Structure formats: C-alpha cells, structure tokens
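Summary of structural features
Take a look at the letters that make up each chain.
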Amino acid sequence: QVQLVESGGGLVQAGASLRLSCAASGRTFSSYAMGWFRQAPGKEREFVARISRSGGSTYYADSVKGRFTISRDNAKNTVYLQMNSLKPEDTAVYYCAAESSGSSWYRSQPTSYDYWGQGTQVSVSS
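Conventions used here
Residues numbered from 1 in each chain as written. Predicted model: local features only at pLDDT ≥ 70, side-chain atom pairs only at ≥ 80, totals over all residues. Heavy atoms only, no water. Phe/Tyr/Trp six-rings, centres within 6.5 Å; stacked < 30°, edge-to-face > 60°. Helix = DSSP H or I, 4+ residues; strand = E, 2+ residues; numbered from the N terminus. Buried < 20%, exposed > 50% of the residue type's maximum accessible area, 1.4 Å probe, protein only. Lys NZ or Arg CZ within 6 Å of the ring centre and 35° of its normal. Pairing = 2+ DSSP bridges. Axes fitted to C-alpha atoms, helices over the stretch in contact; angles between N-to-C directions. Polar contact = N/O pair within 3.5 Å; in protein donor to acceptor, adjacent residues only side chain to side chain. Contact = heavy atoms within 4.5 Å. Core = buried A, V, L, I, M, F, W, Y, C linked by side-chain atoms within 4.5 Å. Disulfide = S-S within 2.5 Å.

Counted under the stated rule, the structure contains eight aromatic pairs. Note on Tyr59 and Tyr106: the rings are 5.3 Å apart at their centroids and 55° apart in plane angle, and the pair reads as tilted. With Tyr59 in strand β6 (residues 58-60) and Tyr106 in the loop between β9 (92-99) and β10 (115-116), this residue pair connects regions lying 47 residues apart in the sequence. Residue Tyr59 is classed as partly exposed on the basis of its relative accessible area of 26%. Put simply, the rings of Phe37, Phe47, Tyr59, Tyr95, Tyr106, Tyr113 and Trp116 pair up and form one aromatic cluster. Geometry around Trp116 places Arg45 over its ring, the cationic atom sitting 4.8 Å from the centre. Directly above the aromatic system of Phe29 lies the positively charged group of Arg72, at a separation of 4.5 Å from the ring centroid.

Encoded structure:
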C-alpha cells in the first residue's frame, strides 16, 4: 500500500510558476507509475501528466504540454510537477496518484490508478 501527500499549491498570478511535490510512503514507490490529475469546481477529474516507474516515459495532457514537467526522485520517494506559465484555467485541486503496473504505457483514466493523495489547491489569478 502507498500513502501519498501533496504539497506546494498556492495562489499565484498568471504567468507565474509553482512546483508541486507528492511524497509517498512505503518501500515500493519505485515500482509504481505516477500521475498528476486535477479537478476544477463543477468539473470532472482530468489527467495532467504521467511518469513511468523508471522516469523514462512521460505523458502530458495537451492543455499543459510545453508548460508542465513531471519528474520523480525514487531515492526520495517523491514525484514532482513543475508548472510554468500558469493560466487562470489551471486553477484546480491537484492530486497525485500511483498506478501499480508501473508501466510505460499511456494511462489517463483515473480508474487506472490505485492510490490517491488528498490534493493541493492551485489558484491562478488573471
């Protein structure tokens, strides 16, 4: 089992940057693929980014491609989401999630992920 705790959210102006972190408990972190999702008020949870267990494969939603970067440090049991050039439409609660296959395949459905953090709020003002 994996427990996930996100941090790094906040209120920023458009064009600013934030880095989210997701710290995982347990000794098997390196066996999980990790994802970031977000959910805005009144909307469904949507895929943002995914990284394979080795870090060798990454995927992004079209809406964040070129602005966001997902990375991981398996020695620190942590996955990151670097968010640059933030826009008001990026405002949402951001969740990290762990997927037990660890594969390098593209998986964007929330139901593919086994464990979730509690979320961290990101608010971007115009």
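It is worth spelling out the sheet that holds strand β1 (residues 4-7) at this point. Sheets are built from strands paired through backbone hydrogen bonds, the pairs being either parallel or antiparallel. Strand order in the open sheet formed by four strands is β1-β3-β8-β7, with antiparallel pairing between adjacent strands. With partners counted over all chains shown, the strands left at the sheet margins are β1 and β7 (68-73), one partner each. The sheet shows a mean angle of 15° between the axes of neighbouring strands, direction not considered. Inspection of the sheet shows β7 paired to strand β8 (residues 78-83) by six bridges, in the antiparallel sense. Its bridge partner being in β8, Thr69 is matched across the sheet by Gln82.

One can find Glu99 in strand β9. Residue Glu99 is classed as buried on the basis of its relative accessible area of 2%. Engagement of the side chain of Glu99 in a polar contact is seen with the side chain of Arg50, the distance being 2.7 Å. A distance of 2.8 Å separates polar atoms of two side chains, one belonging to Glu99 and the other to Arg107. Those residues in contact with Glu99 that lie beyond four places of it in its chain are Tyr32, Ala33, Arg50, Arg107, Ser112, Tyr113 and Asp114.

Nonpolar side chains in soluble globular proteins generally cluster together in the buried interior. Formed by 34 residues in total, the largest nonpolar core has its most connected members in Met34, Trp36, Leu81, Met83 and Tyr94. Listed by contribution, the elements that provide at least two residues to this core are β3 (18-24), β4 (33-39), β5 (46-51), β7, β8, β9 and β11 (120-125). Not counting residues within four places of it along the chain, the set of residues in contact with Met83 comprises Ala16, Ser17, Leu18, Leu20, Arg67, Phe68, Tyr94 and Val122.

Evaluation of the coordinates by the stated rule reveals one disulfide. Residue Cys22 pairs covalently with Cys96 via a disulfide, S to S 1.9 Å. Sign of the S-S torsion, about 45° for the bond between Cys22 and Cys96, identifies this disulfide as right-handed. On the criterion of sequence distance, the pair formed by Cys22 in strand β3 and Cys96 in strand β9 is long-range, its members being 74 residues apart. Across this residue pair, the class does not change: Cys22 and Cys96 are buried.

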